[in-house]
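Breakdown of the fold
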Amino acid sequence: MSGEASSAEKRARLSGRLVAATHNSGKLREIRELMKPYGVNVVSAAELNLAEPEETGSTFRDNAALKAEAAARASGIVALADDSGLCVEALGGAPGIYSARWAGGGKDFGAAMARVERELEALAAPPPWRASFVSVLALAWPDGALETFEGRVDGALVFPPRGTAGFGYDPIFRPDGHDRTFGEMGPEEKHGIPADGSLALSHRARAFQKLSRERL
Ligand code: ITT
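Residues numbered from 1 in each chain as written. Predicted model: local features only at pLDDT ≥ 70, side-chain atom pairs only at ≥ 80, totals over all residues. Heavy atoms only, no water.

1. What about the packing of helix H2 (residues 25–35) against helix H6 (residues 203–215)?
The test is simple: Helix axes are fitted to C-alpha atoms over the stretch in contact, other axes to C-alpha atoms as well, and angles between N-to-C directions run from 0 to 180 degrees. Here a helix means four or more residues in a row that DSSP labels H or I, a strand means two or more in a row labelled E, and each is numbered from the N terminus. For this classification, under 35 degrees means roughly parallel, over 145 means roughly antiparallel, 65 to 115 means roughly perpendicular, and everything else is oblique. Each helix crossing is assigned a hand: it is left-handed if the near helix lies turned anticlockwise from the far helix by less than a right angle, otherwise right-handed if that turn is clockwise. Between two residues, a contact is recorded if the distance between any of their heavy atoms is within 4.5 Å. Amino acids outside the nonpolar list (Ala, Val, Leu, Ile, Met, Phe, Trp, Tyr, Cys, Pro) and the charged list (Asp, Glu, Lys, Arg) are all regarded as polar, and Gly is one of them.
Two numbers describe how H2 lies on H6: the axes approach to 11 Å, and their chain directions differ by 40°. Accordingly, the angle class assigned to the pair H2 and H6 is oblique. The chirality of how H2 crosses H6 is right-handed. Contacts between H2 and H6 involve Lys27, Glu30, Leu34 and Met35 on the former and, on the latter, Arg204, Ala205 and Phe208. Tallied by class, the residues present in the contact of H2 with H6 amount to 4 nonpolar, no polar and 3 charged.

Laid out in structure tokens, this is it:
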């Protein structure tokens, strides 16, 4: 065995404090749940009074990176950001990186889900309405290093929305292999992390599995 560690091995595993670079309370809750087994102290962007950067990127990865880097710079500690969204096949991948923006300034996801339904109707797109949720997690280290991890889950949309659990577009997304929407699942079921290390269920938990293998 070589005594020389690779640069990936040299980078520290996460411990101590981490700032969750999100202003979305649903995401913050999920990040805390996912981190819970690892004893990392997750502080929120709000607790540190961090500003919300403008999402000027054109990909999930770009936006995750810019949010994490801004928070790491402002706080001086390692930052974890998530950029995510719902991509609807018949809508050419929309709302995608604009998923939060479709809910408007009032963050009205009832209206955002109704817009998805309206746009499918306008195209007379027949069911099943294939869609996926994507999450890119970005870890920005105070020394400027950046790592990203992507997760995706495929499924179909259902109307009317079902369930009140979760957040955002959860009530209209039914993951493949399941009868219920994310809005009808509790957090454990939505994350769906099997004890044997096989693939988790949600996009965020799938991205987190990749991160945890290297950094936790
Ligand atoms: P931050 O940038 O502060 O993290 P945001 O809500 O603006 O918060 P995004 O730009 O990444 O975050 O928007 C992603 C949107 O996609 C989010 O607001 C949700 O509506 C939706 N979304 C992402 N993951 C989801 C999930 O697990 N369940 C339901 N909706 C989800």
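2. What to know about the site of the ligand
For clarity, the cut-off: Nearness is judged by heavy atoms alone; a residue qualifies as near a molecule or strand once a single heavy atom is within 4 Å of it. Polar contacts here mean pairs of N or O atoms no more than 3.5 Å apart (in protein, one a potential hydrogen donor and the other a potential acceptor; neighbouring residues in sequence count only if both atoms are side-chain atoms). Surface accessibility follows the Shrake-Rupley procedure with a 1.4 Å probe radius. Residue values consider only the protein chains on display as shielding.
Near the ligand you find 22 residues, and of these Thr22, His23, Lys67, Asp170 and Lys190 are the closest. Separating an oxygen atom of the ligand from a side-chain N or O atom of Lys27 is a distance of 2.7 Å. With respect to the ligand, the side chain of Glu55 contributes an N or O atom lying 2.8 Å from an oxygen atom. Computed on the free molecule, the ligand has an accessible area of 610 Å², of which 95% lies beneath the protein chains in the complex. The set of elements that each furnish at least two residues to the shell around the ligand consists of strand S3 (79–88) and H6. Class assignment for the residues of the shell around the ligand results in 5 nonpolar, 8 polar and 9 charged.

3. Considerations on the confidence of the model for the protein
The criterion, for reference: Scored between 0 and 100, pLDDT is the confidence that the predictor attaches to each residue.
Taken as a whole, the protein shows an average pLDDT of 94; of its residues, 95% reach a score of 70 or greater. Within the model, the stretch residues 1–9 combines pLDDT values under 50 with 3 contacts to residues more than four positions away or in other chains.

4. A look at the pairing of strand S2 (residues 41–44)
Note the following rule: At least two bridges found by DSSP between two strands is the condition for calling them paired. When the strands point away from the viewer and the path from the first strand over the helix to the second turns clockwise, the crossover is right-handed.
With 4 bridges joining them, strand S1 (residues 17–20) and S2 adopt parallel strand pairing. Each residue of the ladder has a partner; that of Ala20, found in S2, is Ser44. One crossover worth recording links S1 to the parallel S2 by way of H2, and it is right-handed.

5. A closer look at the environment of Ala70
By the element assignment, Ala70 lies in helix H3 (residues 60–75). Taking the C-alpha atoms as reference points, Ala70 and Ala21, separated by 49 residues in sequence, lie 8.5 Å from one another.

6. Some thoughts on the environment of Pro95
Here Pro95 lies in the loop between S3 and helix H4 (109–122). Dropping the residues within four chain positions of it, Pro95 is found in contact with Leu86, Val88, Trp102 and Tyr169.

7. A short note on H2
Going by this rule: Accessibility here uses a 1.4 Å probe with only protein chains present; expressed as a share of the type maximum, an area under 20% marks a residue as buried, one over 50% as exposed, and anything in between as partly exposed.
By the burial criterion, the buried members of H2 are Gly26, Lys27, Leu28, Glu30, Ile31, Leu34 and Met35. Structurally, H2 contributes buried residues whose contacts are with S1, S2, H3, S3, helix H5 (187–191) and H6. Where H2 begins, the side chain of Asn24 points an oxygen toward the backbone nitrogen of Gly26, at a separation of 2.9 Å.

8. With respect to H6
How we decide: In a helix, the anticipated span is given by 1.5 Å times the number of residues less one.
Here H6 is 13 residues long and its end C-alpha atoms lie 18 Å apart, about the 18 Å a rise of 1.5 Å per residue gives. Considered for burial, the residues of H6 that qualify are His203, Arg204, Ala205, Arg206, Ala207, Phe208, Gln209, Leu211, Ser212 and Arg215.

9. Some details on the sheet that holds S1
Strand order in the open sheet made by the 6 strands is S2-S1-S3-S4-S5-S6, with mixed pairing throughout. A single partner strand is all that each edge strand has here, and the edge strands are S2 and strand S6 (173–175). On average, each strand axis in the sheet is tilted by 35° relative to the strand beside it, whichever way the strands run. On top of the sheet, H2 reaches S1, S2 and S3; it is set at about 170° to S2, its chief contact.

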